[in-house]
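# Coordinates in review
One letter stands for each residue in the lines below.
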Amino acid sequence: MSALFEYIIRLGDDSLILGHRMSEWCGHGPILEEDIAMTNIALDLVGQATSLLNYAGQVEGNGRDGDKLAFLRYDREYKNTLLVEQPNGDFGTTIMRQFLFDAYRKPLFEKLQNSSDKQLSAIAEKSLKETKYHLKHSSEWVIRLGDGTEESHQRIQEALNTLWRYSSELFYTDEVDATLLSQGIITDIAEIRAEWEVTVKNVFEEATLQIPSNNWKQEGGRKGMHSENMGYILAELQYMQRAYPNMEW
Amino acid sequence: MKDINISELERKFQEKIDKDIKIEPKDWMPDDYRQTLIRQISQHAHSEIVGMLPEGNWITRAPNLRRKAVLLAKVQDEAGHGLYLYSSVETLGANREETIDDLHSGKAKYSSIFNYPTVSWADMGAIGWLVDGAAIMNQVPLCRCSYGPYARAMVRVCKEESFHQRQGFEIMVQLAKGTPVQKEMAQDALNRFWWPSLMMFGPNDAESKHTAQSVKWKIKRHTNDELRQMFVDATVPQAELIGLTIPDKDLKFNEETGHYESGAINWDEFWEVVKGNGPCNKDRVDTRRKAKEDGMWVVEAANAYAAKRAIRKSA
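Below you will find a few notes about this structure.

The helix and strand tally for chain A stands at 11 helices and 0 strands. Each helix (α) and strand (β) of chain A, taken in turn from the N terminus, gives the series α-α-α-α-α-α-α-α-α-α-α. Relative to the compact-globule value of 18 Å for 249 residues, chain A shows a C-alpha radius of gyration of 18 Å, a close match. Based on the C-alpha atoms only, the size of chain A along its principal axes is roughly 55 × 45 × 30 Å. For chain A, the residues scored as buried account for 60% of the 249 residues in total. For chain A, the proportion of contacts with a sequence separation of at least 24, taken over those separated by at least 6, is 81%. Accessible surface, chain A: about 10,100 Å² in total, of which carbon and sulfur atoms supply 49%. Side-chain charges in chain A split into 25 positive and 39 negative, and the spacing between the mean points of these groups amounts to 3 Å.

The description of an aromatic ring pair rests on the distance of the ring centres and on the angle between the ring planes. Evaluation of the coordinates by the stated rule reveals 18 aromatic pairs over all chains. With 6.1 Å between their ring centres and 45° between their planes, Tyr239(A) and Trp58(B) make a pair best called tilted. Of this pair, Tyr239(A) sits in helix 11 (residues 239–243) while Trp58(B) sits in the loop between helix 3 (52–56) and helix 4 (65–90), placing the two residues on different chains. What makes Trp58(B) buried here is its relative accessible area of 1%. Ring centres of Trp129(B) and Phe169(B) lie 5.6 Å apart, and the angle between their planes is 50°; on these two criteria the pair is classed as tilted.

Glancing now at the packing of helix 7 (residues 150–163) of chain A against helix 12 (residues 281–314) of chain B. At a closest axis distance of 8 Å, the pairing of helix 7 of chain A and helix 12 of chain B adopts a crossing angle of 115°. Classified by the angle between their axes, helix 7 of chain A and helix 12 of chain B sit roughly perpendicular to one another. Crossing of helix 7 of chain A against helix 12 of chain B: the hand is left-handed. Touching Glu151(A), Ser152(A) and Arg155(A) of helix 7 of chain A are Trp297(B), Glu300(B) and Ala301(B), all from helix 12 of chain B. Residues that form the contact of helix 7 of chain A with helix 12 of chain B fall into these classes: 2 nonpolar, 1 polar and 3 charged.

Residue-level contacts link 45 residues of chain B with 47 residues of chain A. In this assembly, chain B packs against chain A so that about 4,000 Å² is buried in total across both faces, 70% of it on carbon and sulfur atoms. At the junction of chain B and chain A, the tally comes to 12 residue pairs in polar contact (both at pLDDT 80 or more). Going through the elements one at a time, helix 3, helix 4, helix 7 (148–176), helix 8 (180–199) and helix 12 of chain B are the ones with two or more residues in the side of chain B that touches chain A. Among the elements that make up the side of chain B that touches chain A, the one with the highest residue count is helix 12 of chain B (14 residues). Each residue belonging to the side of chain B that touches chain A can be placed in one class, and the counts come to 27 nonpolar, 10 polar and 8 charged.

Moving on to the side chain of Thr93(A). Residues and elements named next belong to chain A. With respect to the helices and strands, the residue Thr93 is situated in helix 5 (residues 91–112). By relative accessible area, Thr93 is classed as buried at 16%. Filtering out sequence-adjacent residues up to four positions away, Thr93 remains in contact with Pro87, Asn88, Ala159 and Leu163.

As a further point, take the nonpolar core. Nonpolar side chains tend to gather and get buried jointly when the protein is soluble and globular. All names here are of chain A. By size, the foremost hydrophobic cluster in this structure holds 168 residues, and its most contacted members are Met96 and Phe204. With 13 residues, the top contributor of residues to this core is helix 2 (residues 32–60). Apart from the residues lying within four places of it in its own chain, the contact partners of Met96 are Val142, Ile156, Ala159, Leu160, Leu163, Phe204 and Leu209.

Excluding glycine, residues mostly carry a negative phi; peptide bonds, for their part, are mostly trans. Non-glycine residue Asn246(A) carries a positive phi angle of around 60°. Relative to the helices and strands, Asn246(A) is located in the segment after helix 11.

With that out of the way, let us pick up helix 10 (residues 224–241) of chain B. All names here are of chain B. End to end, helix 10 covers 26 Å across 18 residues, agreeing with the expected 26 Å (1.5 Å per residue, within 8%). By the burial criterion, the buried members of helix 10 are Asn224, Leu227, Arg228, Phe231, Val232, Asp233, Thr235, Val236 and Ala239. Tucked into the core, helix 10 has its buried residues touching helix 6 (122–139), helix 8, helix 9 (211–216), strand 2 (259–261) and helix 11 (267–277). Once helix 10 finishes, Gly243 follows within two positions and takes phi at roughly 80°, a positive value.

A few words now on the packing of helix 1 (residues 3–23) of chain A against helix 2 of chain A. Residue and element names in this part refer to chain A. Closest axis-to-axis distance for the helix 1/helix 2 pair is 7 Å, and the angle between their directions is 155°. By the angle between their axes, helix 1 is roughly antiparallel relative to helix 2. Classified by chirality, the crossing of helix 2 by helix 1 is left-handed. In the contact of helix 1 with helix 2, the residues fall into 18 nonpolar, 5 polar and 2 charged.

For the rest of this paragraph, the subject is the pattern of salt bridges. The final tally for this structure, using the stated rule, is 48 salt bridges over all chains. The partner of Lys107(B) in a salt bridge is Asp102(B), and the shortest N-O contact between them spans 3.8 Å. Asp102(B) gets classed as partly exposed once you look at its relative accessible area, which sits at 25%. Among the salt bridges present, the one from Asp188(B) reaches Arg192(B), with a minimum N-O distance of 2.9 Å. With Asp188(B) and Arg192(B) both in helix 8 and 4 residues apart, this pair spans about one turn of that helix. In the salt-bridge network here, residues are joined through shared partners; they are Glu6(A), Arg10(A), Lys79(A), Asp174(A), Glu175(A), Asp177(A) and Lys223(A).

Moving on: the environment of Trp58(B). Taking the C-alpha atoms as reference, Trp58(B) lies 36 Å from Ala306(B); in sequence the two are 248 residues apart. When residues no more than four places from it in sequence are discounted, the contact partners of Trp58(B) are Tyr239(A), Met240(A), Leu71(B), Thr118(B), Val119(B), Ser120(B), Trp121(B) and Met124(B).

Over its 21 residues, helix 1 of chain A extends 30 Å from the first C-alpha to the last, a length consistent with the 30 Å expected when each residue adds 1.5 Å. Of all 21 residues that make up helix 1 of chain A, 21 are buried, and the element is covered over most of its length.

Below, the discussion takes up a nonpolar patch on the surface. Residues and elements named next belong to chain B. On the surface, a nonpolar cluster with roughly 220 Å² of combined accessible area is contributed by Ile6, Leu9 and Trp28. In this structure, Leu9 sits in helix 1 (residues 2–18). The partly exposed category is assigned to Leu9, whose relative accessible area is 32%.

What follows concerns the side chain of His134(A). Summarising the element assignment, His134(A) is placed in helix 6 (residues 118–146). In this view, His134(A) contacts Ile41(A), Asp44(A), Gln48(A), Gln98(A) and Asp102(A); residues no more than four positions away in its chain are not counted.

Scoring rules and cut-offs
- The residue numbers shown here count from 1 along each chain, following its written sequence.
- Both sets of labels track the order of writing: A upward for chains, 1 upward for ligands.
- Totals for whole chains, interfaces and linings use all residues, but because this is a predicted model, local features are given only for residues with pLDDT of at least 70 and pairs of side-chain atoms are given and counted only at 80 or more.
- Side-chain numbers come from the whole structure's heavy atoms, not from hydrogens or water.
- The numbering of helices and of strands both runs from the N terminus, where a helix is a DSSP run of H or I of at least 4 residues and a strand a run of E of at least 2.
- Atoms considered for the radius of gyration are the C-alpha atoms alone. The globule rule reads 2.2 Å times the number of residues to the power 0.38.
- Burial classification: accessible surface area is computed with a 1.4 Å probe over protein chains only, and a residue below 20% of its type maximum counts as buried, one above 50% as exposed, and the rest as partly exposed.
- The contact criterion used is simple: two residues touch if any of their non-hydrogen atoms lie within 4.5 Å.
- The protein chains shown are the only cover counted for residues, whose accessible areas, like all others here, come from Shrake-Rupley with a 1.4 Å probe.
- This count recognises Lys and Arg as positive and Asp and Glu as negative, with His and chain-terminal groups excluded.
- Taken as the charge centre is NZ of Lys, CZ of Arg, CG of Asp or CD of Glu, depending on the residue.
- Only Phe, Tyr and Trp rings take part, Trp by its six-membered ring, and two of them pair if their centres are within 6.5 Å. Stacked means planes under 30 degrees apart, edge-to-face means over 60, and tilted covers everything else.
- Between the N-to-C directions of two axes lies an angle of 0 to 180 degrees, each axis being a line fitted to C-alpha atoms and, for a helix, fitted only over the stretch in contact.
- Roughly parallel refers to an angle under 35 degrees, roughly antiparallel to one over 145, roughly perpendicular to one between 65 and 115, and oblique to any angle outside these ranges.
- The crossing is said to be left-handed when, going from far helix to near helix, the turn is anticlockwise and less than a right angle, and right-handed when the turn is clockwise.
- Residue classes follow a fixed rule: Ala, Val, Leu, Ile, Met, Phe, Trp, Tyr, Cys and Pro count as nonpolar, while Asp, Glu, Lys and Arg count as charged, and any other residue, Gly among them, counts as polar.
- As a working definition, buried area equals the accessible area (1.4 Å probe) given up by two parts on being put together, with both sides summed.
- For this analysis, a polar contact is any N or O atom pair within 3.5 Å, provided that within protein one partner can donate a hydrogen and the other can accept it, and provided that sequence-adjacent residues contribute only side-chain to side-chain pairs.
- The criterion is simple. A nonpolar core is a set of buried Ala, Val, Leu, Ile, Met, Phe, Trp, Tyr and Cys residues joined through side-chain atoms within 4.5 Å.
- The length a helix should cover is 1.5 Å for every residue beyond the first.
- Think of a salt bridge as a Lys or Arg side-chain nitrogen and an Asp or Glu carboxyl oxygen that are within 4 Å of each other.
- Exposure above 30% relative accessible area and the lack of any salt bridge qualify a residue for a patch; like charges then connect within 9 Å, and the nonpolar side chains Val, Leu, Ile, Met, Phe, Trp and Tyr within 5 Å.

Keep in mind these numbers describe shape, not what the thing actually does.
Here it is, written out as structure tokens:
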């Protein structure tokens, strides 16, 4: 399996699974304007997943397209981070999950725009425009909730305490990244992490939130080892393709 | 003296209506006209918002990425329609949150079609094709409604509804030409959604208590039965085209009138669902109420933050 395929799958699965989570909010948002905003983010993420997984299929060259990759893999073959599969919880938890992710995705797509891989660079350029909006939206809400009422402060701090352990996996690297780095397809993740740390620090400061002192980290998704949540996500996501195999919809 | 002034205002108001001049928020209007519009537009807004739920039910299970994206976009459009309809209601002096609370208390109604469950993927097709198809029949004439903000909102809504109707029909076409199990799924959805779709146009003209006045005020341009007939005439050939059967054994084409004649509608079922006894009435309203209650702390936080910012700015 090529390093490029594996890398695109990781990016695509992050979009697919987070898009799935965000789409669960549709019709249940705290206010109508937010319902629209979250559905929009879900739509962007599903769009990114479509571009990325279609491209992964092309790179693989075994006749699998985006749909086959999105709906017909086994759980261990999904390579999204544990962060994006975490349950929505309350609105604060969803926003915190989104913020930690957006703050990583923005510098990532900025760098990938300059990738020597033309297709990846084109997808990054298109996705970056959306991701900037997502980051603006999630940062503003983290600040609003953190510096809002006592209850909202407590809830968003609790969300940060819960999700912080999943943030380091965003910067997970292995031989896949080393190979692509040497080929000039990606840049050093350290630059992306440095930018993420600045964004996170600034936003949390304005939101009056404390980064948890417990530095325990949870990783595994990038290698296909997921949380218990993943089976339920796939049960829904794959339901039609598994129940009615080999049909056109 | 005052009475004479009022009747003079009413005369001028009706004159404008008769000349097809739009009524705008700041214009004088009879209180009954205002109340009729508040009732109708807020019901319309509630229908859009409650209508997100039966389709939202299938977003996470959509069968492929394209269908998922289209369904997300469609349900999001409905939220958008709700938003501009609530804004129209506000131009009449009503409060958005109060009208939403009326929905949650059961005082305000919404389209009873959304009280039926979506139990298969084909229901996404049937809803787009039939429910949005019926909504278009109802709403296209509303683009010429006498109240300006409502008429203008409807222009945009109708453009999007027409896309919704096409995507629904496209789902049905795909299923109808698919495997036997897919075709059966499509027929089953048509069987369940056909009659409730006909009921969407409301009671027969003889039973409709609001129609006459609304026609005079040009809020309504056609009667319920006229619109229902237009819908049947447009939809029956579409079903035939894709090889599905309309579940009405009395349905026949009248060569003389050029119209299809339907069998009798089960109005007892309609009134039961309107009263709250449909399969999903309680779930739908409970879900909306829960969304608002669960979101209260978010709204409070946003307000508190805005207030703090205003103080900091002025300091």
